[in-house]
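# Notes for the structure review
Residues per chain, in single letters:
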Amino acid sequence: GAVVSQHPSWVICKSGTSVKIECRSLDFQATTMFWYRQFPKQSLMLMATSNEGSKATYEQGVEKDKFLINHASLTLSTLTVTSAHPEDSSFYICSANKSPGRINYGYTFGSGTRLTVV
Amino acid sequence: DQQVKQNSPSLSVQEGRISILNCDYTNSMFDYFLWYKKYPAEGPTFLISISSIKDKNEDGRFTVFLNKSAKHLSLHIVPSQPGDSAVYFCAAQGGSEKLVFGKGTKLTVNP
């Protein structure tokens, strides 16, 4: 099966600091990974599409300078929340598709990262 | 503007009975639909999917029905088990690899 590992599972940081979240595809290569954010009792909102070897594609309303995405290899994408503020506290989840293309059989999601900014 | 809607935030059923979770969508470009199950503090796990060229897909206790004219799909779980208690997300795809999620329905199966 396709496994996506996300680290850390939770992190508490001080306001103004930066936090890096890693997303790894363990048994497959992913040219594209996706980063989502979920607020309590809300849906998963796509933040950006991470493309290996090129710039990420951000959704409307997502600040690219605040949420830095790096996809340096076919198995690793990172999301860095820069100068974090309490309103950035959320559950961040990454996903990857083992079979890229429009016809797919389900993306695999990481276990998520609970970020709390104090 | 929410393109995928799950209007019931919660559903409670008795063990052994049928659970029916509903999902409506507005974008006629969507041509692939997926259901995910999510436990607290975990990522979603894929359950079942359906292409818009079909109206039904079955996998064990899980069946998804699609009514394209009504832009409506539903997930049936029968028989329901306590371990099915989780949040279920409906997701849609069309024209790209992006998935659009609903807000989820929290299912509670009582023993």
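Refer to the structure presented above.
Computed from a predicted structure; not experimentally measured.

## Quick notes on the overall build of chain A
When its secondary structure is counted, chain A shows 0 helices and 11 strands. Going residue by residue from the N terminus, the α and β elements of chain A occur as β-β-β-β-β-β-β-β-β-β-β. Taking 2.2 N^0.38 as the reference for a compact globule, 118 residues should give roughly 13 Å; the C-alpha atoms of chain A span a radius of gyration of 14 Å, in line with that estimate. Dimensions of chain A, computed from C-alpha atoms along their principal axes, come out at roughly 40 × 30 × 25 Å.

## Looking at the state of the cysteines
Disulfide: a covalent bond connecting the sulfur atoms of a pair of cysteines. Tallying each qualifying case throughout the model produces 2 disulfides over all chains. Note on cysteine connectivity: Cys23(A) is disulfide-linked to Cys94(A), with sulfurs 2.0 Å apart. Taking the sign of the S-S torsion, about 85° here, the bridge from Cys23(A) to Cys94(A) comes out right-handed. With a gap of 71 residues between them, Cys23(A) in strand 3 (residues 19-25) and Cys94(A) in strand 9 (residues 90-96) connect regions that are remote in the sequence. Residue Cys23(A) shares its accessibility class with Cys94(A), and that shared class is buried. In this model Cys23(B) forms its disulfide with Cys90(B); the gap between the sulfur atoms is 2.1 Å. As the torsion about the S-S bond is roughly -70°, the Cys23(B)-Cys90(B) disulfide counts as left-handed. Taken together, the residues Cys23(B) in strand 3 (residues 19-25) and Cys90(B) in strand 9 (residues 86-93) connect sequence positions 67 residues apart. We note that Cys23(B), like Cys90(B), is buried.

## Brief notes about the pairing of strand 5 (residues 45-51) of chain B
On any regular strand, side chains alternate: one points to one face of the sheet, the next to the other face. Residue and element names in this part refer to chain B. As judged from the 6 bridges shared by strand 4 (residues 32-38) and strand 5, these two strands associate in the antiparallel manner. By the bridge assignment, tyrosine 36 is partnered in strand 5 with phenylalanine 46. Where strand 4 folds back onto strand 5 in an antiparallel hairpin, the turn is made up of 6 residues, including alanine 41, whose phi is positive at roughly 60°.

## A short note on the sheet that holds strand 7 (residues 62-67) of chain B
Residue and element names in this part refer to chain B. Read from one edge of the open sheet, 5 strands run 1-3-8-7-6, paired in antiparallel fashion. The open sheet has two edge strands, strand 1 (4-5) and strand 6 (56-59), and neither has a second partner. By the bridge criterion, 6 bridges tie strand 3 to strand 8 (residues 72-77) in an arrangement that is antiparallel. Bridge pairing in strand 8 places leucine 21 opposite leucine 75.

## Some points on unusual backbone geometry
Residues and elements named next belong to chain A. Histidine 7 connects to proline 8 through a cis peptide bond whose omega is 0°. For proline 8, the location among the structural elements is in the loop between strand 1 (4-7) and strand 2 (10-13). You will see that serine 83, though not glycine, has its phi angle at about 45°, which is positive. Note that serine 83 resides in the loop between strand 8 (76-81) and strand 9.

## Focus on a nonpolar patch on the surface
There is a patch of nonpolar side chains on the surface, built from Trp10(A), Ile12(A) and Val118(A) and spanning about 380 Å² of accessible area. For Trp10(A), a relative accessible area of 59% gives the class exposed.

Here is what the cut-offs are and how they apply
Residues numbered from 1 in each chain as written. Chains lettered and ligands numbered in written order. Predicted model: local features only at pLDDT ≥ 70, side-chain atom pairs only at ≥ 80, totals over all residues. Heavy atoms only, no water. Helix = DSSP H or I, 4+ residues; strand = E, 2+ residues; numbered from the N terminus. Rg over C-alpha atoms; globule rule 2.2 N^0.38 Å. Disulfide = S-S within 2.5 Å. Buried < 20%, exposed > 50% of the residue type's maximum accessible area, 1.4 Å probe, protein only. Pairing = 2+ DSSP bridges. Patch = residues over 30% accessible without salt bridge, like charges linked within 9 Å, V, L, I, M, F, W, Y side chains within 5 Å. Areas by Shrake-Rupley, 256 points an atom, 1.4 Å probe, with all protein chains shown as cover. Salt bridge = Lys/Arg side-chain N within 4 Å of Asp/Glu carboxyl O.

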